[in-house]
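# Coordinates in review
The chain contents come next:
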Amino acid sequence: MSADSESFWRGKRVFLTGHTGFKGGWLALWLRRLGAEVTAVSLAPPEGRPSLFDAARIASVTDSHILDIRDAPALSAVTRQARPEIVLHLAAQPLVRASYREPLQTFDTNVMGTAHVLDALRGLPGARVALCITTDKVYRNEEWTYPYRESDALGGHDPYSASKAAAELVAASYRDAFLRQQGVAVATARAGNVIGGGDWSEDRLLPDAVRAWQAGGTLEIRNPGSIRPWQHVLEPLAGYLRLAQALWDRPELAGPYNFGPPPHEAATVRDVVELARAAYGLGEVAYGTAGNGPHEAGLLALDTSRTRSVLGVQSRWDLERSVGETMRWYRAHHESRDARALCDAQIDAYGMP
């Protein structure tokens, strides 16, 4: 980690939402190592399956509150008690297929939940930066071959994508109507497909692979030719930290940012599965056998030139290393290695860009 980053984050009051989730858990651990004072809010992790929150004992490194961001009064009370300087909003209903089953919950959490987080900052002294994490799926996907830029049209076929596009509009409205004049820089981060150890969510590629292969089963793949901007979880998290730090000194940089690998490194599902199987050392795969399922985009790539030029953010781990580090994490954890120690070791190996 760079000395500048460590000195910047040390003692900063950070309000983090979504710390019981995959990305939020990794970010809580990283902020702890940087010396930030983290107040965190989120739903309880799902019952009946493992979670990084429990495995890495994340409650012990934050002032942890289990609450629903749809509960505006409770959220506002915790926010005002925490007096945050920086807000990192990751809490969401993050799954495409789940959004087809529960569209109203998805819109309520992702749209109104974001509004509640930002509204809690109105009139709150000391707040300087608010970063809302959305997704690469906020763009109106025309299946074009060129990568999407931050200025391209928003949209969304499925409820998840549409709700995150709407969250972008909420963030822009709160920035322009309220928070900019209050001195709070509001930005959004649109990250490509994220992989890494500690993700046990349903309907995600590598968690599904790990579940199948650890049980001696076959991984069934719906759409092996789908192309995505895959990246290790530490890549966008490093970018979020860099963006928040830049906004602290230069609030005029507020706005949307894409985070992902260079566009030419976007890869197919089959590419990722084969790298995962090689890194894991075993595993059977059946391509195109899991049924059609609901609509999902087949081609998606991000233009990250703004992030590179404005923030100086560059990818450090290529696809092969990203997949390899992910599968090594799962194998080591399956062999009873401590989850927090595994995360800490990978944070040390990655460093701060």
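For the structure itself, look to the data block above.
Residues numbered from 1 in each chain as written. Predicted model: local features only at pLDDT ≥ 70, side-chain atom pairs only at ≥ 80, totals over all residues. Heavy atoms only, no water.

For the rest of this paragraph, the subject is the overall build of the protein. Looking only at helices and strands, the protein has 13 helices and 13 strands in total. Its C-alpha radius of gyration of 19 Å places the protein within 12% of the 20 Å reference for a compact globule of 353 residues. Classification of the 353 residues of the protein by burial places 56% in the buried group. For the protein, the accessible surface area stands at approximately 14000 Å², while carbon and sulfur atoms represent 48% of it. (Helix = DSSP H or I, 4+ residues; strand = E, 2+ residues; numbered from the N terminus. Rg over C-alpha atoms; globule rule 2.2 N^0.38 Å. Buried < 20%, exposed > 50% of the residue type's maximum accessible area, 1.4 Å probe, protein only. Areas by Shrake-Rupley, 256 points an atom, 1.4 Å probe, with all protein chains shown as cover.)

Among the nonpolar cores identified, the biggest contains 79 residues, and Trp-26, Trp-30 and Leu-88 are the most heavily contacted of them. For this core, the element with the most residues is helix α9 (residues 234-249), which contributes ten residues. Once you skip the residues sitting within four places of it in the chain, Trp-26 turns out to touch Leu-52, Gly-197, Val-233, Leu-234, Leu-237, Trp-329, Cys-343, Gln-346 and Ile-347. (Core = buried A, V, L, I, M, F, W, Y, C linked by side-chain atoms within 4.5 Å. Contact = heavy atoms within 4.5 Å.)

Right, let's talk about helix α13 (residues 339-350) for a bit. For α13, spanning twelve residues, the distance from its first C-alpha to its last is 17 Å, which sits close to the expected 16 Å at 1.5 Å a residue. For α13, the full list of buried residues reads Ala-339, Arg-340, Leu-342, Cys-343, Asp-344, Gln-346, Ile-347 and Tyr-350. On its buried side, α13 packs onto α2 (22-34), α3 (52-55), β10 (231-232), α9 and α12 (319-334). With a side-chain oxygen lying 3.3 Å from the backbone nitrogen of Arg-340, the N-terminal cap of α13 falls on Asp-338. (Expected span 1.5 Å × (residues − 1). Polar contact = N/O pair within 3.5 Å; in protein donor to acceptor, adjacent residues only side chain to side chain.)

On to the sheet that holds strand β5 (residues 129-133). If you trace the seven strands from one edge of the open sheet to the other, you get β3-β2-β1-β4-β5-β6-β11, paired in parallel fashion. With partners counted over all chains shown, the strands left at the sheet margins are β3 (63-66) and β11 (256-259), one partner each. Neighbour to neighbour, the strand axes of the sheet diverge by 15° on average, direction disregarded. Note: strand β2 (residues 37-42) against β3, four bridges, orientation parallel. (Pairing = 2+ DSSP bridges. Axes fitted to C-alpha atoms, helices over the stretch in contact; angles between N-to-C directions.)

In this section: the packing of helix α8 (residues 205-214) against α12. Interhelical geometry of α8 versus α12 gives an angle of 40° and a closest axis separation of 11 Å. The angle between the axes of α8 and α12 places the two elements in the oblique class. The way α8 lies across α12 gives a crossing that is right-handed. Side by side, α8 and α12 meet where Leu-206, Pro-207, Val-210, Trp-213 and Gln-214 of the first sit next to Thr-326, Met-327, Tyr-330 and His-334 of the second. Tallied by class, the residues present in the contact of α8 with α12 amount to six nonpolar, three polar and no charged. (Parallel < 35°, antiparallel > 145°, perpendicular 65-115°, else oblique. Left-handed = near helix turned anticlockwise from the far one by under 90°. Nonpolar A, V, L, I, M, F, W, Y, C, P; charged D, E, K, R; others polar.)

Moving on, we get to the side chain of Thr-188. Positionally, Thr-188 belongs in strand β6 (residues 185-191). Judged by its relative accessible area of 2%, Thr-188 falls in the buried class. Apart from residues no more than four positions distant in its own chain, Thr-188 is found in contact with Leu-131, Cys-132, Glu-168, Ala-171, Gly-255, Pro-256 and Tyr-257.

This brings us to the pairing of strand β4 (residues 86-89). Where burial is concerned, the two faces of β4 agree: the one with Ile-86 and Leu-88 and the one with Val-87 and His-89 are both buried. Here strand β1 (residues 13-17) runs beside β4; their pairing, made up of four bridges, is parallel. Bridging from a neighbouring strand, Thr-17 pairs with His-89 of β4. When β4 meets β5, the two strands line up parallel, connected through four bridges. Pairing of Val-87 across the sheet is with Ala-130, part of β5.

Now for the side chain of His-232. Inspection of the secondary structure assignment puts His-232 in strand β10. Overall, His-232 belongs to the buried group, its relative accessible area being 0%. Side chain to side chain, His-232 and Gln-346 meet in a polar contact 3.4 Å long. Apart from the residues within four sequence positions on either side, His-232 is in contact with Val-194, Ile-195, Gly-196, Trp-317, Ser-322, Glu-325, Thr-326 and Gln-346.

Attention now moves to the pattern of salt bridges. Pairing between side chains becomes possible if they bear opposite charge and their charged atoms approach one another. Tallied over the entire structure, the rule returns 21 salt bridges. Arg-190 is the partner of Glu-168 in a salt bridge, and the nearest nitrogen-oxygen pair spans 2.8 Å. Of the two residues, Glu-168 sits in helix α7 (residues 159-182) while Arg-190 sits in strand β6, which places them 22 residues apart along the sequence. With its nearest N and O atoms 3.0 Å apart, the salt bridge here joins Arg-321 to Glu-325. Taken together, the residues Arg-321 and Glu-325, both in helix α12 and four residues apart, mark about one turn of the helix. Judged by its relative accessible area of 35%, Arg-321 falls in the partly exposed class. (Salt bridge = Lys/Arg side-chain N within 4 Å of Asp/Glu carboxyl O.)

Next up on the list: unusual backbone geometry. For residues that are not glycine, phi is negative in most cases, and the peptide bond is trans in most cases. With a phi close to 55°, Arg-57 is a non-glycine residue in the positive phi region. When you line up the elements, Arg-57 lands in the loop between α3 and β3. Classification of Arg-57 by relative accessible area gives partly exposed; the value is 39%. In this structure, Asp-203 takes a positive phi of about 55° despite not being glycine. Relative to the helices and strands, Asp-203 resides in the loop between β7 (194-195) and α8.

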